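Letter by letter, the chains look like this.
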Amino acid sequence: NISKLLNKKRNDYFLKKKQQDSKKLEEKKAICTEIDNLTSKSINSHSKWREVTNQCSNLESKWKEVGRLAKKDNNIAWKSLRDSLNEFYQKKKEFYTQKKEDHKQNLAHKITICEKAEALQKNTDWEETGKKFIKLQEEWKTSGFSPASQSDDIWRRFKKSCDTFFKARKIHYKDLDKAKEDALKEKLSTLEDLKSL
């Protein structure tokens, strides 16, 4: 009788443990599904990735808090977590790799714009070149983001080229206005001379 009672208690204990482990395993699987769902929608900004990464870390902590399982179930649960985390961090890596490539292309585009401006800065076809500079400035505005550490020098070169051209054009038109003013004074003086005759 004692032996039967002990065996029953032992069986009940392991049965209960198995049920608890089964419940824990389901909880852990549900957490892994939540981690998978974090990247189910397109994430296209650094701030959003930071937010989602925090959520992922919290879910990983929650997964660990559920507790250990029997060895077999524990191996299954760990594999499931590793797969979910690997998938998450792979997508994150792809996003930042693409972002880095985009920054590189944006920087190359800015360099091209800058070189065009530098080639035009001494041009004296004021009207046409002015239009080209305005177009280059618009292009710069829409050329996309690149880190300041990389693009600040190029921006300074571009701005210097623009300033050089527009300053020279302003001086040219100022001289033209002065020449027109002098010509007008001369014509008025000639008219006065004619009147006196």
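Description of the pattern of salt bridges
Under the criterion given, the structure shown has 13 salt bridges. The closest approach of N and O atoms between Glu51 and Lys48, which form a salt bridge, is 3.4 Å. One end of the pair is Glu51 and the other is Lys48, both in helix 2 (residues 46-65) and three residues apart, which spans about a single turn. On the basis of relative accessibility, which here comes to 38%, the residue Glu51 falls in the partly exposed class. For Lys91, the salt bridge is made with Glu87, and the minimal N-O distance between the two is 3.7 Å. Placement of the pair is Lys91 and Glu87 together in helix 3 (residues 71-120), with a separation of four residues, close to one helical turn. For Glu87, a relative accessible area of 41% corresponds to the partly exposed category.

Notes on the packing of helix 1 (residues 2-38) against helix 3
At their nearest, the axes of helix 1 and helix 3 sit 9 Å apart, and the two run at 5° to each other. Regarding the angle of helix 1 to helix 3, the classification is roughly parallel. Taken together, the residues of helix 3 that come into contact with helix 1 (itself represented by Asp21, Leu25, Lys28, Cys32, Ile35, Asp36 and Leu38) are Asp73, Ala77, Ser80, Leu81, Ser84, Leu85 and Phe88. Its residues assigned to classes, the contact of helix 1 with helix 3 shows eight nonpolar, two polar and four charged.

A few points about a nonpolar patch on the surface
Taken together, the side chains of Leu184, Leu188, Leu191, Leu194 and Leu197 present a nonpolar region at the surface, about 570 Å² in accessible area. Within the secondary structure, Leu191 sits in helix 5 (residues 148-196).

Examining the nonpolar core
Among the nonpolar cores identified, the biggest contains 18 residues, and Ile31, Ile35, Leu38, Cys56, Trp63, Leu81 and Phe88 are the most heavily contacted of them. When contributions to this core are tallied by element, the ones reaching two or more residues are helix 1, helix 2 and helix 3. In this view, Leu81 contacts Cys32, Ile35 and Trp63; residues no more than four positions away in its chain are not counted. With 13 residues, the next largest nonpolar core counts Leu120, Trp126, Ile154 and Phe165 among its residues.

Quick notes on the environment of Gln55
Residue position: Gln55 is located in helix 2. Look at Gln55 and you get partly exposed, because its relative accessible area is 33%. For the pair formed by Gln55 and Lys100, sequence separation is 45 residues and the distance between their alpha carbons is 24 Å.

Let's talk about the packing of aromatic side chains
Here a ring pair, both rings aromatic, is described through the centre-centre distance and the interplanar angle of the planes. Under the definition given, this model contains 13 aromatic pairs. Taking the centre distance of 4.8 Å and the plane angle of 15° together, the rings of Phe133 and Phe165 count as stacked. Within this pair, whereas Phe133 is found in helix 4 (residues 126-141), its partner Phe165 is found in helix 5, the two being separated by 32 residues in sequence. Take Phe133 and Phe165: they sit in the same class, and that class is buried. Above the face of the Trp140 ring, Lys110 is positioned so that its terminal group lies 4.7 Å from the ring centre.

Notes on helix 2
Along its 20 residues, helix 2 runs 29 Å from first to last C-alpha, staying within 8% of the 28 Å computed at 1.5 Å per residue. Buried within helix 2 we find Trp49, Val52, Thr53, Cys56, Leu59, Glu60 and Trp63. In an axial view of helix 2, the angular spread of the buried residues amounts to 125°, which keeps them on one side of the axis. What points out from helix 2, more than 90 degrees from its buried face, is the exposed set Asn58 and Glu65. Turning to helix 2, the residues buried within the fold contact helix 1 and helix 3. Count one or two residues on from helix 2 and you reach Gly67, which has phi positive near 105°.

Focus on the side chain of Ser161
Residue position: Ser161 is located in helix 5. Those residues in contact with Ser161 that sit more than four places away from it in its chain are Ala117, Glu118, Gln121 and Phe133.

Parameters and conventions
Residues numbered from 1 in each chain as written. Predicted model: local features only at pLDDT ≥ 70, side-chain atom pairs only at ≥ 80, totals over all residues. Heavy atoms only, no water. Salt bridge = Lys/Arg side-chain N within 4 Å of Asp/Glu carboxyl O. Helix = DSSP H or I, 4+ residues; strand = E, 2+ residues; numbered from the N terminus. Buried < 20%, exposed > 50% of the residue type's maximum accessible area, 1.4 Å probe, protein only. Axes fitted to C-alpha atoms, helices over the stretch in contact; angles between N-to-C directions. Parallel < 35°, antiparallel > 145°, perpendicular 65-115°, else oblique. Contact = heavy atoms within 4.5 Å. Nonpolar A, V, L, I, M, F, W, Y, C, P; charged D, E, K, R; others polar. Patch = residues over 30% accessible without salt bridge, like charges linked within 9 Å, V, L, I, M, F, W, Y side chains within 5 Å. Areas by Shrake-Rupley, 256 points an atom, 1.4 Å probe, with all protein chains shown as cover. Core = buried A, V, L, I, M, F, W, Y, C linked by side-chain atoms within 4.5 Å. Phe/Tyr/Trp six-rings, centres within 6.5 Å; stacked < 30°, edge-to-face > 60°. Lys NZ or Arg CZ within 6 Å of the ring centre and 35° of its normal. Expected span 1.5 Å × (residues − 1). Arc of directions from axis to C-beta.

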